[in-house]
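If you want the building blocks of each chain, they are given just below.
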Amino acid sequence: MAMTVKPWQWGNVPGHEMATPVKGDVVAKLVKAAKRPLLIVGGASLKEKLGGKLLIDFAAELAKAGIPTVATAHVYKALKDRGVEPAAIMTVADVTNRLQDPNWSVDGKGPHDLVIYMGVSYQLQSQMLSTLKHFATHLRTLSLDRYFHPNATYSLPNLKEDEWEQVLNNVIALLKS
């Protein structure tokens, strides 16, 4: 039976297409199946805490699974301190605009097919996902934030903090296996 999830913000009405809510094991399968995933890490990852760790710690572990990573806002140093060399440093709006070009990639190794957002403020991420949904139909998008993003292709459902931590730990473990 399909899971039904309401947008975290009521005014975020996506139109006729709405994200598919996914759980951790499905997230890991989506990332593993992607030929050219891209992880976009935002500044909220330096503020969100899960079980005593910052969200940036989880983002760094995902990046270490071999996902090219874009550092936005001021997360570059935090990723470097955790052993991750981001493929690029740019604003969330800049990378989202570039992703509308079906031939663009952050590292010149071919276009991306799955874009993963993590640690970007809800309102900004919602608009970025809406842009890609309407103007980059060649891409699938995935939000790994705590609240459901209806404009993504796939999104985690609205989660309690401990559930979110468990999902992220599960995804990281499955990607490393």
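Heads up: the structure comes first, above all this text.
Quick summary incoming for the structure in this document. (Residues numbered from 1 in each chain as written. Predicted model: local features only at pLDDT ≥ 70, side-chain atom pairs only at ≥ 80, totals over all residues. Heavy atoms only, no water.)

## Notes on helix α1 (residues 24-33)
Let me state the cut-off plainly: Each residue's exposure class comes from its accessible area (1.4 Å probe, protein chains only) as a fraction of the maximum for that residue type: buried when under 20%, exposed when over 50%, partly exposed otherwise. Runs of H or I in DSSP of at least four residues are treated as helices and runs of E of at least two as strands, each being numbered from the N terminus. What the arc describes is the spread of directions from the helix axis to the C-beta atoms. In this description, contact between two residues means that some pair of their heavy atoms is separated by no more than 4.5 Å.
For α1, the set of buried residues is G24, V27, A28, L30 and V31. Seen along its axis, α1 keeps its buried residues to an arc of 160 degrees; they face one direction. Exposed side of α1, more than 90 degrees from the buried face: K29 and A33 are the residues found there. Against the buried residues of α1 lie β2 (37-41), β7 (114-118), β8 (140-143), β9 (154-155) and α6 (161-176).

## Describing a negative patch on the surface
Cut-off, in case you're wondering: Each patch groups residues whose relative accessible area exceeds 30% and which form no salt bridge, using 9 Å between like charges and 5 Å between nonpolar side chains of Val, Leu, Ile, Met, Phe, Trp and Tyr. Only the protein chains shown count as cover for residues, with accessible areas throughout obtained via the Shrake-Rupley method and a probe of 1.4 Å. A pair is scored as a salt bridge if a Lys or Arg side-chain nitrogen falls within 4 Å of a carboxyl oxygen belonging to Asp or Glu. Here Asp and Glu are counted as negative and Lys and Arg as positive; His is not counted, and neither are the chain ends. Charge positions are represented by NZ for Lys, CZ for Arg, CG for Asp and CD for Glu.
On the surface, E48, E161, D162 and E163 cluster together into a patch of negative charge. Residue placement: D162 occurs in helix α6. Residue D162 is classed as exposed on the basis of its relative accessible area, which comes to 52%.

## Details of the sheet that holds strand β5 (residues 69-71)
Applicable threshold: Paired strands are those between which DSSP finds at least two bridges.
Spatially, β1-β9-β8-β7-β2-β5-β6 is the arrangement adopted by the seven strands of the open sheet, whose pairing is parallel. Since the sheet does not close on itself, it has two edges, and those belong to β1 (20-21) and β6 (88-89), each with one partner.

## Remarks on the nonpolar core
Where a protein is soluble and globular, its nonpolar side chains tend to be buried together. Operational definition: Put simply, a nonpolar core is a bunch of buried Ala, Val, Leu, Ile, Met, Phe, Trp, Tyr and Cys residues held in one set by side-chain atoms that sit within 4.5 Å of each other.
Counting residues in hydrophobic clusters, the biggest one holds 37 residues, and the most contacted among them are M118, L142 and L144. The greatest single-element share of this core, amounting to seven residues, is contributed by helix α2 (residues 55-63). Discounting residues that sit within four places of it in the chain, L144 has contacts with V27, L62, I116, Y117, M118, L156, W164 and L168. With 22 residues, the next largest nonpolar core counts V95, Y117, M128 and L132 among its residues.

## As for the packing of aromatic side chains
Test applied: Ring pairs are drawn from Phe, Tyr and Trp, using the six-membered ring of Trp, whenever the two centres fall within 6.5 Å, and their geometry is named by plane angle: stacked under 30 degrees, edge-to-face over 60, tilted for the rest. In this scheme, Lys NZ or Arg CZ marks a charge over a ring once it lies within 6 Å of the ring centre and within 35 degrees of the ring normal.
Counted under the stated rule, the structure contains zero aromatic pairs. Here the guanidinium or amino end of K53 rests over the ring plane of F58, the centre of that ring lying 4.5 Å away.

## Looking at the pattern of salt bridges
Pairing of side chains with opposite charge becomes possible as their charged atoms draw close. Tallied over the entire structure, the rule returns seven salt bridges. The salt bridge involving D81 is made with K77; its shortest N-O contact spans 2.9 Å. Of this pair, D81 and K77 both sit in helix α3 (residues 76-81), four residues apart, which is roughly one turn of the helix. Taking relative accessible area as the criterion, D81 reaches 54% and is therefore assigned exposed. Residue K77 is classed as exposed on the basis of its relative accessible area of 56%. Between E85 and K80 there is a salt bridge, and its shortest N-O distance comes to 2.6 Å. Connected through shared salt-bridge partners, E61, K64 and K176 make up one network.

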